[in-house]
Amino acid sequence: MIDEIDEKILSILLEDASIPKSEIARRVGLAASAITERIKRLESAGIIEGYEVRLDAAQLGRPLLAYIYVTDAKPKQDFNIIAALSQVTGLEELHKLAGDDCYMLKVRTEGTAQLNEILDNEINHIPTVVRVRTTIVLKTVLETARVAGGL
């Protein structure tokens, strides 16, 4: 699957995805062409899913981070709750859960007023939603794209 050199390459890319391949090559001790081939292989294998820019949500006017837990009634054959939840304003992540709740949404908003609007006008209006719980994040201590136990 991946070897120690691939792990080093992935670790470097996790720190700065815009780093030139020549710099990765220097740090790893391989030619830039070998780095390019390894990165292409990691992309083709689906290990590297893409590259993203991390933005400061507060500076973009969305300082409030909330997790919204949604419990869905028995699904109706003609209704797709995932499609409905995917349209929620400020949605960053949507996860299907095992346990008491069915879905967890990670949402960023301008503040509590906008969060309340989203809850009242978007989520609570979904016909199969039977319960909603919301947790507001006071402070983010750690947020990473790294895979736990991995790189």
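Refer to the structure presented above.
Here is a short report on the structure shown in this document. (Residues numbered from 1 in each chain as written. Predicted model: local features only at pLDDT ≥ 70, side-chain atom pairs only at ≥ 80, totals over all residues. Heavy atoms only, no water.)

**Section: the nonpolar core**
Test applied: Each nonpolar core is a collection of buried residues, namely Ala, Val, Leu, Ile, Met, Phe, Trp, Tyr and Cys, held together in the definition by side-chain atoms within 4.5 Å. Remark: exposure states derive from per-residue accessible area (1.4 Å probe, protein chains only) relative to the maximum for the residue type, with buried under 20%, exposed over 50%, and partly exposed in between. Helix and strand assignments come from DSSP, with helices taken as H or I runs of at least 4 residues and strands as E runs of at least 2, each series counted from the N terminus. The contact definition used throughout considers only heavy atoms, calling two residues in contact when any of these lie within 4.5 Å.
If you look at the biggest cluster of nonpolar residues, it comprises 16 residues, and the most contacted ones within it are Ile 68, Val 70, Leu 85, Val 88, Leu 105 and Ile 123. Contributing elements (two or more residues each) for this core: strand S1 (64–72), helix H4 (81–85), strand S3 (103–109) and helix H5 (112–123). When sequence neighbours within four positions are dropped, the list of residues in contact with Ile 68 reads Tyr 103, Met 104, Leu 105, Val 107, Leu 115, Leu 119, Ile 123, Val 132, Arg 133 and Thr 134. In terms of nonpolar packing, the next biggest core, distinct from the first, is built from twelve residues, Leu 10, Leu 13, Val 28 and Ile 35 among them.

**Some points on the pairing of S1**
Using the following cut-off: Following DSSP output, two strands are said to pair if at least two bridges run between them.
Counting buried positions along S1 gives eight out of nine residues, so the element sits mostly inside the fold. Where S1 meets S3, seven bridges bridge the pair, whose relative direction is antiparallel. Bridge pairing links Ala 66 to Val 107 in S3. Both S1 and strand S4 (residues 129–136) contribute to a ladder of seven bridges, which runs antiparallel. Note that in S4 the partner of Ala 66 across the bridge is Ile 136.

**Here's the deal with the packing of helix H1 (residues 4–15) against helix H3 (residues 32–44)**
To keep it simple, the criterion reads: Angular values range over 0 to 180 degrees, each being the angle between N-to-C directions of two axes fitted as lines to C-alpha atoms, with helices fitted over their stretch in contact. In what follows, roughly perpendicular refers to angles from 65 to 115 degrees, roughly parallel to angles under 35, roughly antiparallel to angles over 145, and oblique to any angle outside these ranges.
Axis separation between H1 and H3 bottoms out at 11 Å; the angle between their running directions is 85°. By the angle class used here, H1 and H3 are roughly perpendicular. Between H1 and H3, the residues in contact are Ile 5, Asp 6, Ile 9, Leu 10 and Leu 13 and Ile 35, Arg 38, Ile 39, Arg 41 and Leu 42, respectively.

**Quick look at the sheet that holds S4**
Taken in spatial order, the four strands of this open sheet run S2-S3-S1-S4, and their pairing is antiparallel. Where the open sheet ends on each side, the last strands, each with one partner, are strand S2 (91–96) and S4. Across the sheet, the mean angle from the axis of one strand to that of its neighbour is 20°, orientation sign disregarded.

**Some words on the pattern of salt bridges**
Rules: A side-chain nitrogen of Lys or Arg and a carboxyl oxygen of Asp or Glu constitute a salt bridge if their distance falls within 4 Å.
Inspection of the entire model under this criterion finds 14 salt bridges. With its nearest N and O atoms 2.7 Å apart, the salt bridge here joins Glu 92 to Arg 108. One end of the pair, Glu 92, is in strand S2; the other, Arg 108, is in strand S3, and 16 residues separate them in sequence. The class of Glu 92 is partly exposed, set by a relative accessible area of 42%. For Arg 108, a relative accessible area of 13% translates into the label buried. Between Asp 101 and Arg 131 there is a salt bridge, with its nearest N and O atoms 2.9 Å apart. Taken as a pair, Asp 101 in the loop between S2 and S3 and Arg 131 in strand S4 lie far apart in primary sequence, 30 residues in all.

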